[in-house]
Amino acid sequence: MAIREGKWRCPYCAVVNRGAQMACIGCGATRDADVRFFLEDDAAEVTDEALVARGRTGADWLCTFCGASNPPPLDHCRNCGAEKGAAPSRAVRDAPPAPLFPPARPPTAPAPPGRLRPWAVALLLVAVAFVAAAAYLGLRRTEETLTVAGFEWERRIAVEAWRTVREQAWEGRVPSAARIVSRRQEVHHTERDQVGTRRVKAGHRDLGNGFFEDVYSDEPVYRERPVYRTRVAYDVQRWVPDRTVRASGRDQAARWPEPALRPGEREASRAEKLVVVLQGKKTYRMELPEARWNALQPGQSVSAVIRGGWSVLELHP
Ligand SMILES: [Zn+2]
Ligand SMILES: [Zn+2]
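Bear in mind the structure is a predicted one, so any value in this text is a computation, not a measurement.

## Comments concerning the overall build of the chain
Okay, step 1: For the chain, the helix and strand inventory stands at three helices and 14 strands.
Okay, step 2: For 317 residues, the compact-globule estimate of 2.2 N^0.38 gives 20 Å, and the chain exceeds it by more than 25% at 44 Å.
Okay, step 3: Once the C-alpha set of the chain is aligned to its principal axes, its extents read approximately 120 × 75 × 35 Å.
Okay, step 4: Among the 317 residues that make up the chain, the fraction classed as buried is 13%.
Okay, step 5: The contacts in the chain between residues at least 6 apart in sequence include a share of 67% that link residues at least 24 apart.

Structure (C-alpha cells):
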C-alpha cells in the first residue's frame, strides 16, 4: 500500500515542516507530543526506498525526559541520550480522506442593501392596493332581496353493459372465468447480483512518524438481472360503462330519464343538478337540494346573502 509523506506545523513558530524532519527547520524545536501530522490532498506517493522504509518502521516513541520524537530502532533518545525504557509511542490512527487542515474559507460579504427606485415603489403600492381591493370585493358579503325567476334541472343515469373485455395479468392472477388468449415471457422485475468487489480508497492512516499509508476498502459490485415471468392475455366478462342518458328542463317538473335497458345492461349510478334562477340587480343561479328546490314558488321573494356580488351563499324565504 502506498506511503505518502505528511507535514507538521511547529507549535512554537508555525513553520510547516516535512514529515521526515525530527526538528523544526524554523526554530529548531524538537517535535514533541503536541505536534499533529497532516496529509495534503496532493501529497505524492513516496518512491525513495529509504523514506518508504522509514515510513514502515513504526510510530515514533516520545522521550519521557525531554519529549523528543525518536524512530523505533533507536534505544536512546537522539536529543538527550536517555534510555527508551517504557517510553510511549505516538498513536497510529485512520483519518478520513479530507485534509486535517482545510483551506480557510473567505468570509462571505453581506449583500449590499437593495435600493428601490421611486417608480418601482409606486408600482408596488398600486399592485398592493389592487390586490387588497380585489380581495375585499371578492369576499364582501351583501344582502339583497331576489325574486325566483325560473328553474333549471338535469338528471343523469349511467348505464353499464356486461361485455367481453381483453385484459392482461401475471400468471397466477388471471380470473378463473377468463378465456386465455396468449402467453409470453416479459420482464417482471430486476434483481441485483453481486458479481465481485472493487477496491476503493477509503482514506489514509497516520503512521505516527510523519508518514501516512493509503487505506482501501472493498466495495461490492452489482449487476442488474431481469427476472422474467409469464404475462397472460385473456378475455373476461365484466360490467363496463356504456352510456349516460339524461333529461333536462327549464321548469320545476324534474324527472329521471328512461334508460331503456336492454338485456345485459344495468343502471350504474344516478346524479342530478337542480338550479334556481334568481333575479335582482343581476341574475344569479344557485344549486339546491331537491326538497328546498321543490319548496320554492315562481315569483316568490327571498332574501339572499351574496358574496363578492356574484355568488349566492344563502337563501331565506
Ligand atoms: Zn519552529
Ligand atoms: Zn530525550
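## Some points on the nonpolar core
Okay, step 1: Counting eight residues, the largest nonpolar core consists of Leu146, Phe151, Trp153, Leu274, Val276, Leu278, Tyr284 and Val302.
Okay, step 2: Among the elements of the structure, strand E8 (141–170) and strand E11 (265–279) are those that each provide at least two residues to this core.
Okay, step 3: Counting seven residues, the second-largest nonpolar core is a separate cluster that includes Leu39, Val46, Ala59 and Phe211.

## Observations concerning the domain arrangement of the chain
The parts lose accessible area when they come together, and the size of an interface is often stated as this lost area.
Okay, step 1: In terms of domains, the chain is made up of domain 1 (1–104) and domain 2 (153–316).
Okay, step 2: Summarising the inter-unit geometry, the C-alpha centres of domain 1 and domain 2 are found 70 Å apart.
Okay, step 3: Contacts between the two partners involve 27 residues from domain 1, matched on the other side by 14 residues from domain 2.
Okay, step 4: For the side of domain 1 that touches domain 2, the elements supplying multiple residues, two or more each, are strand E1 (3–5), helix H1 (49–56) and strand E7 (93–95).
Okay, step 5: Across the side of domain 1 that touches domain 2, the residue classes tally to 14 nonpolar, six polar and seven charged.

## With respect to the environment of Phe65
Okay, step 1: Mapped onto the fold, Phe65 is located in the loop between strand E5 (61–62) and strand E6 (69–70).
Okay, step 2: Under the C-beta neighbour-count criterion, Phe65 is labelled partly exposed, with 13 such atoms within 10 Å.
Okay, step 3: Once you skip the residues sitting within four places of it in the chain, Phe65 turns out to touch Cys77, Cys80 and Ala82.

## Some details on the pairing of E8
Okay, step 1: Pairing of E8 with strand E13 (residues 301–307) involves seven bridges; the strand directions are antiparallel. Pairing of Leu146 across the sheet is with Val302, part of E13.
Okay, step 2: With 14 bridges connecting them, E8 and E11 associate as antiparallel partners. In the sheet register, Gly150 faces E11, and the bridge partner there is Val277.

## Examining unusual backbone geometry
A negative phi angle characterises most non-glycine residues, just as the trans form characterises most peptide bonds.
Okay, step 1: A positive phi angle, near 70 degrees, is found at Ala14, a position not held by glycine.
Okay, step 2: Of note, Ala14 is situated in the loop between strand E2 (7–9) and strand E3 (16–18).
Okay, step 3: With phi around 50 degrees, Ala260 is a residue other than glycine that occupies positive phi space.
Okay, step 4: Here Ala260 shows up in the loop between strand E10 (211–249) and E11.
Okay, step 5: You can call Ala260 exposed: it has 8 C-beta atoms within 10 Å.

Definitions and limits used
- In every chain, residue numbers begin from 1 and rise along the written sequence.
- Following the order in which they are written, the chains are lettered starting with A and the ligands numbered starting with 1.
- The predicted nature of this model means local features are confined to residues of pLDDT at least 70 and side-chain atom pairs, given and counted, to a pLDDT of 80 or more, with totals for whole chains, interfaces and linings taken over all residues.
- Each helix is a run of H or I in the DSSP string that is no shorter than four residues. Each strand is a run of E no shorter than two, and both are numbered from the N terminus.
- Radius of gyration: C-alpha atoms only; globule rule: 2.2 Å multiplied by the number of residues to the exponent 0.38.
- Three exposure classes are used, all based on how many other C-beta atoms lie within 10 Å of a residue's own C-beta (placed from the backbone): buried at 20 or more, exposed at 12 or fewer, and partly exposed between those limits.
- Residue pairs qualify as contacts under a 7 Å threshold applied to their C-beta atoms, which are placed from the backbone.
- Put simply, a nonpolar core is a cluster of buried Ala, Val, Leu, Ile, Met, Phe, Trp, Tyr and Cys residues tied together by C-beta atoms within 7 Å.
- Domain delimitation follows an automatic or database domain assignment.
- We call Asp, Glu, Lys and Arg charged. Ala, Val, Leu, Ile, Met, Phe, Trp, Tyr, Cys and Pro are nonpolar, and the rest, Gly among them, are polar.
- In this description, strands pair whenever DSSP reports at least two bridges between them.

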